[in-house]
Amino acid sequence: MSIDYHLHPLGHKAGRYTKELLMPFLDEAQVHGLREVGFADHDDFVEGINMESILSLKTLYPDMDIKLGLEVSYRPGREEEIKRIAGMLPFDFLIGSIHDLKGWMFDHPDFRSGYSNWDISDLYGEYYSSLGQLVTSGLFDIVGHLDVIKVFGYRPQGELLPFAEQVLQSISRTDLIVEVNTAGLRKPCAEIYPAEELLVRCFELNIPVTLGSDAHTAGDVARDFAYAKELLYRTGYRRLKGVTKRQSYSVLL
Ligand SMILES: [Zn+2]
Ligand SMILES: [Zn+2]
């Protein structure tokens, strides 16, 4: 039994939720024995999401708990717009993610040259400062790919934990759930989000976790979940969090 709360049927293009678009993701989820799935497309494409297709699927997949989520790009100053988007549909959960710093889309291959403008330690400081504001905004249920700033493998000298420590402590004072996201394993950084040393600190701080593949195609649903679960178990985790109508609950890992 497991859950995958980070599926992108729309991917990176505008479109519309239909049964035909969503079903391959659910079929794949069934193959992997998932008990819960959460669609969580990017908020840029929220106009294409509709409840009708979700509801019709619930009758077709009675054994699957199908959630409607949204992955929202957080940037300081966007709070009011995010509140408006959050009210557009009865979302089960909102994932808050950082995809840009002052408009520079640092996680996009087309803008990779931007790294040459930064001292990497300063960049990590800037990223975790924005993430700190995401955490205290109170707008989200889940923190998406917590250390995505490593996506292209740019890492500062020395230990990573000091960059994230304040943010992790801040998360521990909220109800936020940290997402263990396997997409990092498929990126140049070749490492799960968050890195093991950060996950160990999450466990020490009693921060709950959930699981997401960040699948943009059905074939990536639950990808590398055996590895993720083994890592979580080794870290000490025995439970994950699910979320319905923005209320979280505990499920066995
Ligand atoms: Zn993302
Ligand atoms: Zn995503």
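Residues numbered from 1 in each chain as written. Chains lettered and ligands numbered in written order. Predicted model: local features only at pLDDT ≥ 70, side-chain atom pairs only at ≥ 80, totals over all residues. Heavy atoms only, no water.

Enquirer: Could you give me a rundown of helix α2 (residues 51–60), with the residues and numbers involved?
Expert: Turning to α2, its buried residues are Met 51, Ser 53, Ile 54 and Leu 57. Burial along α2 is one-sided: seen end-on, the buried residues are contained in an arc of 160°. Exposed positions of α2 whose direction lies more than 90 degrees from the buried face are Glu 52 and Thr 59. (Buried < 20%, exposed > 50% of the residue type's maximum accessible area, 1.4 Å probe, protein only. Helix = DSSP H or I, 4+ residues; strand = E, 2+ residues; numbered from the N terminus. Arc of directions from axis to C-beta.)

Enquirer: So what's going on with the coordination of the zinc ion (ligand 1)? Which residues, and what values?
Expert: Each pair of donors in an ideal four-coordinate tetrahedral metal site encloses 109.5 degrees, whereas pairs in an ideal six-coordinate octahedral site enclose 90 or 180 degrees. For the zinc ion (ligand 1), every protein donor is listed as Glu 71 (OE), His 99 (NE2) and His 145 (NE2), and the spread of their distances is 2.1 to 2.2 Å. The sequence pattern describing where the donors of the zinc ion (ligand 1) fall on their chain is E-x27-H-x45-H. Between the zinc ion (ligand 1) and the zinc ion (ligand 2) the interatomic distance amounts to 3.4 Å, and Glu 71 serves as a bridging ligand to the pair. Within this pair, whereas His 99 is found in the loop between β4 (93–97) and α4 (120–137), its partner His 145 is found in the loop between β5 (142–143) and α5 (161–172), the two being separated by 46 residues in sequence. The pair formed by His 99 and His 145 is uniform in burial state, with each residue classed as buried. (Donors = N, O, S within 2.8 Å, 3.2 Å for Na, K, Ca; no water.)

Enquirer: I'd love a proper account of the nonpolar core, names of residues and values included.
Expert: Of all hydrophobic cores here, the largest spans 88 residues; its most connected members are Tyr 128 and Ile 171. Those residues within four positions of Tyr 128 in sequence are excluded, and the remaining contacts are Leu 146, Asp 147, Ile 149, Phe 163, Ala 164, Val 167 and Leu 198. (Core = buried A, V, L, I, M, F, W, Y, C linked by side-chain atoms within 4.5 Å. Contact = heavy atoms within 4.5 Å.)

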